[in-house]
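Take a look at the letters that make up each chain.
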Amino acid sequence: MNIVQLNEVGHNHFKKSELDKAEYIFREMISRFPDNPKFHRNLAHTLSHQLNIADAIKEYQIALSLDPTFHGAALDLSLLKLRLGDWKDGWQMHERRHIFDHKEHRKYRYDTTVPNWSGESLVGKTITVQPEAGFGDWIMMLRFLPQLITQADKVYVQAHHQMRVLIQNSFPEVDFIDLEAVKVGEATVMRIPEGYETDYRVLIMSLPLWLNCFFDTMIPVKQYLEPNRKLSQNFVDLNGKIAVTWRGNPDNHTDFLRSALLKDFFPLFETGLQFVSMQKDITIAEKKLLKRFKNVTILSDELIDFNDTACALQEVSCVVGVDTSLINLAGAMGIETHLLSAYYGCWRWGTPKDINTNYSVWYPTVRIWKQDRPASWTHVVKNVVDHLKTR
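Thresholds, definitions, all that
- Residues numbered from 1 in each chain as written.
- Predicted model: local features only at pLDDT ≥ 70, side-chain atom pairs only at ≥ 80, totals over all residues.
- Heavy atoms only, no water.
- Helix = DSSP H or I, 4+ residues; strand = E, 2+ residues; numbered from the N terminus.
- Buried < 20%, exposed > 50% of the residue type's maximum accessible area, 1.4 Å probe, protein only.
- Areas by Shrake-Rupley, 256 points an atom, 1.4 Å probe, with all protein chains shown as cover.
- Lys, Arg positive; Asp, Glu negative; His and termini not counted.
- Charge placed at Lys NZ, Arg CZ, Asp CG, Glu CD.
- Phe/Tyr/Trp six-rings, centres within 6.5 Å; stacked < 30°, edge-to-face > 60°.
- Lys NZ or Arg CZ within 6 Å of the ring centre and 35° of its normal.
- pLDDT = per-residue confidence, 0-100.
- Pairing = 2+ DSSP bridges.
- Axes fitted to C-alpha atoms, helices over the stretch in contact; angles between N-to-C directions.

### Observations regarding the overall build of the protein chain
Broken down by element type, the protein chain carries 16 helices and 13 strands. Out of the 391 residues belonging to the protein chain, those deemed buried represent 51%. Here the protein chain has roughly 18,600 Å² of accessible surface; of this, 50% comes from carbon and sulfur atoms. Positive and negative charge centroids in the protein chain, built from 45 and 47 side chains respectively, lie 5 Å apart.

### So, the packing of aromatic side chains
Enumeration according to the criterion identifies 14 aromatic pairs in this entry. With 5.8 Å between their ring centres and 65 degrees between their planes, Trp87 and Trp91 make a pair best called edge-to-face. Residue Trp87 and its partner Trp91 are located together in helix H6 (residues 87-94), separated by four residues, close to a single helical turn. Looking at Trp87, the relative accessible area reads 3%, which means it is buried. The interplanar angle of 20 degrees and the centroid separation of 5.1 Å between the aromatic rings of Trp87 and Trp362 together place this pair among those described as stacked. Within this pair, whereas Trp87 is found in helix H6, its partner Trp362 is found in the loop between strand S12 (337-341) and strand S13 (366-370), the two being separated by 275 residues in sequence. By relative accessible area, Trp362 is classed as buried at 0%. An aromatic cluster of at least three residues, connected via ring pairs, comprises Trp87, Trp91, Phe144, Phe215, Trp347 and Trp362. Here the guanidinium or amino end of Arg83 rests over the ring plane of Tyr344, the centre of that ring lying 4.6 Å away. Across from the ring centre of Tyr343, 5.7 Å away, lies the NZ or CZ of Lys370, which sits over that ring.

### Remarks on the confidence of the model for the protein chain
Confidence in the prediction of the protein chain, expressed as mean pLDDT, is 90, and 95% of residues score 70 or more. The least confident element of the protein chain is strand S5 (residues 181-184), whose mean pLDDT is 72; the most confident is strand S8 (residues 242-245), at 98.

### Topic: the sheet that holds strand S10 (residues 296-298)
Reading across from one edge, S10-S9-S8-S11-S12-S13 is the order of the six strands in this open sheet, with parallel pairing throughout. On the outer flanks of this sheet lie S10 and S13, each paired with one strand and no other. Adjacent strand axes in the sheet meet at a mean angle of 25 degrees when their direction is disregarded.

Given below as structure tokens:
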């Protein structure tokens with residue numbers, strides 16, 4: 001088998017969560033080509049998902065020693081550092097995403113005619129916060145807006161229309177700029193429209209670095225998002241129900257690790273407790289499966305934007321789901337939330353400060369329930385079922 005075929009086999013094993021087999025393949029590739037940094041990155045990625053963190057870090061470091069401009073390996077290592085609580089180095093290394101032009105990590109390029117903010121004084125200045133990553137990341141980083149508001153003369157936010165009402169109601173001091181993306185060759189460039197004067201721009205995922213947010217000094221905020229109920233319908237009929245979501249955006253390249261199947265949630269529904277599905281883009285097949293459970297309400301079609309979703313969440317008793325924007329939204333609203341986490345987990349949830357309670361460092365009301373082995377939700381769901389029966 002040639003090296004291209006071996007690489008494909010290794011990646012296929014990884015996607016099937018056959019991590020031991022993937023590790024064997026990638027080590028074989030390194031034995032043939034020890035100076036190929038991409039092969040060391042593949043091995044490091046696999047080792048990290050096996051929770052062999054020390055060896056994963058060594059392999060990332062080897063990859064970067066072979067090619068210091070290997071931004072993909074640097075980004076992977078930055079996320080591993082964030083996951084371990086080394087936020088000082090992790091946030092700094094994460095800035096290399098600005099020059100990493102891989103489609104999985106960057107949807108847009110950004111107009112650089114406006115200076116990028118890197119912690120300079122904002123006294124008398126105007127700054128524009130620009131979007132990147134997914135909605136869950138956006139929600140997580142919105143906690144930093146109050147700090148910008150107190151430092152700058154004016155804060156603009158470029159936000160997707162689905163988030164605009166929620167952000168405006170939660171942070172009335174900010175002004176909004178419409179999203180403006182233009183095609184330049186094959187690239188899509190996000191820019192600040194004409195007519196707006198701003199001294200700096202900053203990508204929202206850079207805020208923790210330049211605002212000096214580190215693991216040891218992180219103070220969780222119980223609630224910082226508040227929906228506008230006047231601009232949404234009444235969801236009072238959801239009172240006391242448990243909101244659920246079982247899968248994320250399939251376009252995310254790691255979705256196969258974090259998402260479950262609807263049938264994995266059946267033990268929850270079989271408890272007889274009352275549930276409401278807030279799953280986005282629910283399929284016809286999933287709706288048919290849910291019809292067998294008279295205690296499950298399907299709400300997805302009524303949720304037009306994040307303000308609607310937040311208003312609905314204010315009525316439920318708690319939220320249970322995999323790693324999606326709904327979990328971040330519930331956490332940002334201070335709602336009791338149970339995150340069903342993949343075996344490897346994610347830097348966003350990282351290492352809880354109190355390992356005995358296993359609550360998120362970002363959200364005090366989000367409890368993390370982790371798989372006991374890759375690709376298996378059975379143990380996790382059983383533990384959550386047992387907890388819900390006794391709460």
